[in-house]
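# Structure assessment
This is what each chain is made of:
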Amino acid sequence: DKNFRGTKVQKIEITDGKTLEVDAQLAAGNYFWRLVVEDKPLTESSQFRVVAASALKPVSPSAGEKLLSYNEAPPVQFRWLQQDENALTNGVEHDLQIAKDVEFKSIVGEQAISAVSGLATVKGLPGTDLYWRIRSRYSDIEIMSAVEKFTIGQAARPVLALIQPE
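In short, a report on the structure. These figures come from a predicted structure and were not determined experimentally.

Let us now look at the overall build of the protein. When helices and strands are tallied, the protein shows zero helices and 13 strands. Helices (α) and strands (β) of the protein occur, in sequence order from the N terminus, as β-β-β-β-β-β-β-β-β-β-β-β-β. Put simply, 58% of the contacts in the protein that link residues at least 6 apart link residues at least 24 apart. Counting every atom, the protein has about 12,300 Å² of accessible surface; 47% of that belongs to carbon and sulfur.

One open sheet accounts for three strands, arranged β5-β7-β10; its pairing is antiparallel. The outermost strands of the open sheet, each flanked by one partner alone, are β5 (56–60) and β10 (119–122). Ignoring which end each strand starts from, the neighbouring axes of this sheet average 30° apart. In the sheet, strand β7 (residues 76–82) pairs with β10 via four bridges, with the strands oriented antiparallel. Bridge assignment links Gln 77 to a residue of β10, and that residue is Thr 121.

Under the counting rule described, the total for this entry stands at two aromatic pairs. Residues Phe 78 and Trp 132 carry aromatic rings whose centres are separated by 5.0 Å and whose planes lie at 65° to one another, so their mutual orientation is edge-to-face. Within this pair, whereas Phe 78 is found in strand β7, its partner Trp 132 is found in strand β11 (residues 129–137), the two being separated by 54 residues in sequence. The residues Phe 78 and Trp 132 share a single accessibility class, namely buried. Each ring, one from Phe 78 and one from Phe 150, has its centre 5.6 Å from the other, and the planes form 75°; the classification is edge-to-face.

A word on the pattern of salt bridges. Inspection of the entire model under this criterion finds five salt bridges. As a salt-bridge pair, Asp 95 and Arg 135 come within 2.8 Å of each other at their nearest N and O atoms. On the criterion of sequence distance, the pair formed by Asp 95 in strand β8 (residues 93–99) and Arg 135 in strand β11 is long-range, its members being 40 residues apart. Classification of Arg 135 by relative accessible area gives buried; the value is 15%.

Okay, the nonpolar core next. Core analysis: the largest hydrophobic core is formed by 17 residues, its most contacted members being Phe 78, Leu 96, Ile 98, Leu 125 and Phe 150. Within the residue set of this core, elements represented by two or more residues are β7, β8, β10, β11 and β13 (148–154).

Within the secondary structure, Glu 148 is located in strand β13. Buried and unpaired, Glu 148 has no salt bridge, with Lys 57 as the nearest side chain of opposite charge at 8.1 Å. A distance of 3.2 Å separates a polar atom in the side chain of Glu 148 from the backbone nitrogen of Ala 63. In this view, Glu 148 contacts Pro 58, Pro 61, Ser 62, Ala 63, Leu 130, Tyr 131 and Trp 132; residues no more than four positions away in its chain are not counted.

Thresholds, definitions, all that
- Residues numbered from 1 in each chain as written.
- Predicted model: local features only at pLDDT ≥ 70, side-chain atom pairs only at ≥ 80, totals over all residues.
- Heavy atoms only, no water.
- Helix = DSSP H or I, 4+ residues; strand = E, 2+ residues; numbered from the N terminus.
- Contact = heavy atoms within 4.5 Å.
- Areas by Shrake-Rupley, 256 points an atom, 1.4 Å probe, with all protein chains shown as cover.
- Pairing = 2+ DSSP bridges.
- Axes fitted to C-alpha atoms, helices over the stretch in contact; angles between N-to-C directions.
- Phe/Tyr/Trp six-rings, centres within 6.5 Å; stacked < 30°, edge-to-face > 60°.
- Buried < 20%, exposed > 50% of the residue type's maximum accessible area, 1.4 Å probe, protein only.
- Salt bridge = Lys/Arg side-chain N within 4 Å of Asp/Glu carboxyl O.
- Core = buried A, V, L, I, M, F, W, Y, C linked by side-chain atoms within 4.5 Å.
- Lys, Arg positive; Asp, Glu negative; His and termini not counted.
- Polar contact = N/O pair within 3.5 Å; in protein donor to acceptor, adjacent residues only side chain to side chain.

Now the structure itself:
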């Protein structure tokens, strides 16, 4: 609690008088801090929040799905879900990345996306095996989603045929 009456009060001594880095793993939640000298508070309590960073979950295309086209590559719709309903969204940037290799050394497409929209369409991808993932960038860390493979292939004949009356 902000009055420091809780059972989880931890005192850390500042030795150089200037800075302090706390090397502790804190669970997600709200925390309070203040400066104290000889058991007398020097400042009002301040609050900070620890949140859990999580990757978005790719949904489609997935599992080696094959997308066929006759003349030119079709627009591909990518879909994803948020892993955690309570995940941090403010200040987080997400990028859809598409590559020719599973290590993402040969990226053929990249675009900023919205985590909540759950959908992006990309045009002009090459006809080959491709891999996609979502990179989430928090202020000081990056988290990559699982990688999904799909293929854009050439159809032997048109996928859709329009029938006109004679």
